[in-house]
Amino acid sequence: MKRIFISDLHLDPQREDLTSAFEAFLENHCQDIDELYILGDFFEVWLGDDDDSAFNRGIAADLAALPCKVYLMHGNRDFLIGETFCKQSGAELLGDPSIVDLDGTPALLMHGDSLCSLDAEYMKARQLLRSPAFQADFLQKPLEERATIARQIRGESKAHTRETAEDIMDVTPSEVVSAMNDAGVFLFIHGHTHRPDVHEVDLGEQSGRRYVLGDWHTSMKYLVADGSEVDLRHYQF
Ligand SMILES: [Mn+2]
């Protein structure tokens, strides 16, 4: 099986360059694969599946037109993506964490934000935002009000990111080891940190590998898994 993993596109109606890059990527790289995995922050913001803007419908149609199976994991920006969008796009929601079997090699998949445990303020906000009570309350507000709240949250998050020490915003190494040990895997794929790279992870008796996917700006890094062979590749747009 041939699989591709991407994350952190942060698709946004204001960023036509990203939408074009995404559509070109689907056209040029995803026509001959079996599965496409989008590991969170597909959208810059997701206000709810009832926001059926032309932009959102267009992206759903792009996915629906793919010949391969599409899996979608929530990120910290688009965790409100629900079954309606999945139906429209033909995508299947993946829990965070999930394990995928790469032709005999199990790999742990996560968005990655839950491993940034040293960022206490973020972890606290995450707990609130992901709670069913907050989400139910948010989703029954008018779309315009939701957009205002989302802008406020993003504004606060950007200010917070600027003030927080560089190392705190990355995943916590001990959390990586625990997550991989709990899952019983030697291969881990995630996004979120916008620090695409391959890391050796000391798991005690054996070492594992952690592949970090890239965010989309004018280029990005994505992972190709051909059978159990994995390769982090550069995509310039
Ligand atoms: Mn993220």
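Enquirer: Would you explain the overall build of the protein in this entry?
Expert: Check the secondary structure of the protein and you find seven helices and 11 strands. Relative to the compact-globule value of 18 Å for 237 residues, the protein shows a C-alpha radius of gyration of 17 Å, a close match. By its C-alpha atoms, the protein is 55 × 40 × 30 Å across when sized along the principal axes. Sorting the 237 residues of the protein into buried and exposed places 30% on the buried side. Counting only contacts in the protein whose residues sit at least 6 apart along the sequence, the fraction spanning at least 24 positions is 66%.

Enquirer: Looking at this structure, I do not really get the sheet that holds strand E2 (residues 35-39). What am I missing?
Expert: Two pairing modes exist for strands in a sheet, parallel and antiparallel, and in both the strands are linked by backbone hydrogen bonds. Across the sheet, which stays open at both edges, the six strands sit in the order E4-E3-E2-E1-E10-E11 with mixed pairing between neighbours. The sheet terminates laterally at strand E4 (91-94) and strand E11 (229-236), the two strands that pair on one side only. Adjacent strand axes in the sheet meet at a mean angle of 25°, parallel and antiparallel pairs treated alike. The pairing of E2 with strand E3 (residues 69-73) spans five bridges and is parallel. The residue of E3 that forms the bridge with Leu39 is Met73.

Enquirer: How do you make sense of the environment of Gly40 when you look at a structure like this?
Expert: Residue placement: Gly40 occurs in the loop between E2 and helix H2 (54-64). In this structure the C-alpha to C-alpha distance between Gly40 and His111, which are 71 residues apart in sequence, comes to 5.4 Å. With near-sequence residues (within four places) excluded, Gly40 lies in contact with Ser7, Met73, His74, Gly75, His111, Gly191 and His192.

Enquirer: Help me out: how do you make sense of the sheet that holds strand E8 (residues 197-202) in this one?
Expert: One open sheet accounts for five strands, arranged E5-E6-E7-E9-E8; its pairing is mixed. One side of each edge strand has no neighbouring strand; the edge strands of this open sheet are strand E5 (98-102) and E8. Averaged over all neighbouring strand pairs, the angle between strand axes comes to 25°, with direction disregarded. Strand direction decides the pairing type here: E8 and strand E9 (residues 207-212), joined by six bridges, are antiparallel. By the bridge assignment for E9, Asp202 is matched with Ser207. The sheet strands contacting helix H7 (residues 173-183) are E5, strand E6 (105-110), strand E7 (187-190), E8 and E9, and the helix crosses E6 at an angle near 135°.

Enquirer: Where do I start with the pairing of E11 in this structure?
Expert: Working note: regular strand, side chains alternate between the two faces of the sheet. Of all eight residues in E11, zero are buried, a share of ten percent or less. Two strands pair when backbone bridges link them, and strand E10 (residues 219-226) and E11 are joined in this way by eight bridges, in the antiparallel orientation. In the sheet register, Ser219 faces E11, and the bridge partner there is Gln236. From the end of E10 to the start of E11, which pair antiparallel, there are two residues, and Gly227 there has a positive phi angle of about 65°.

Rules behind the numbers
Residues numbered from 1 in each chain as written. Predicted model: local features only at pLDDT ≥ 70, side-chain atom pairs only at ≥ 80, totals over all residues. Helix = DSSP H or I, 4+ residues; strand = E, 2+ residues; numbered from the N terminus. Rg over C-alpha atoms; globule rule 2.2 N^0.38 Å. Buried ≥ 20, exposed ≤ 12 C-beta atoms within 10 Å, placed from the backbone. Contact = placed C-beta atoms within 7 Å. Pairing = 2+ DSSP bridges. Axes fitted to C-alpha atoms, helices over the stretch in contact; angles between N-to-C directions.

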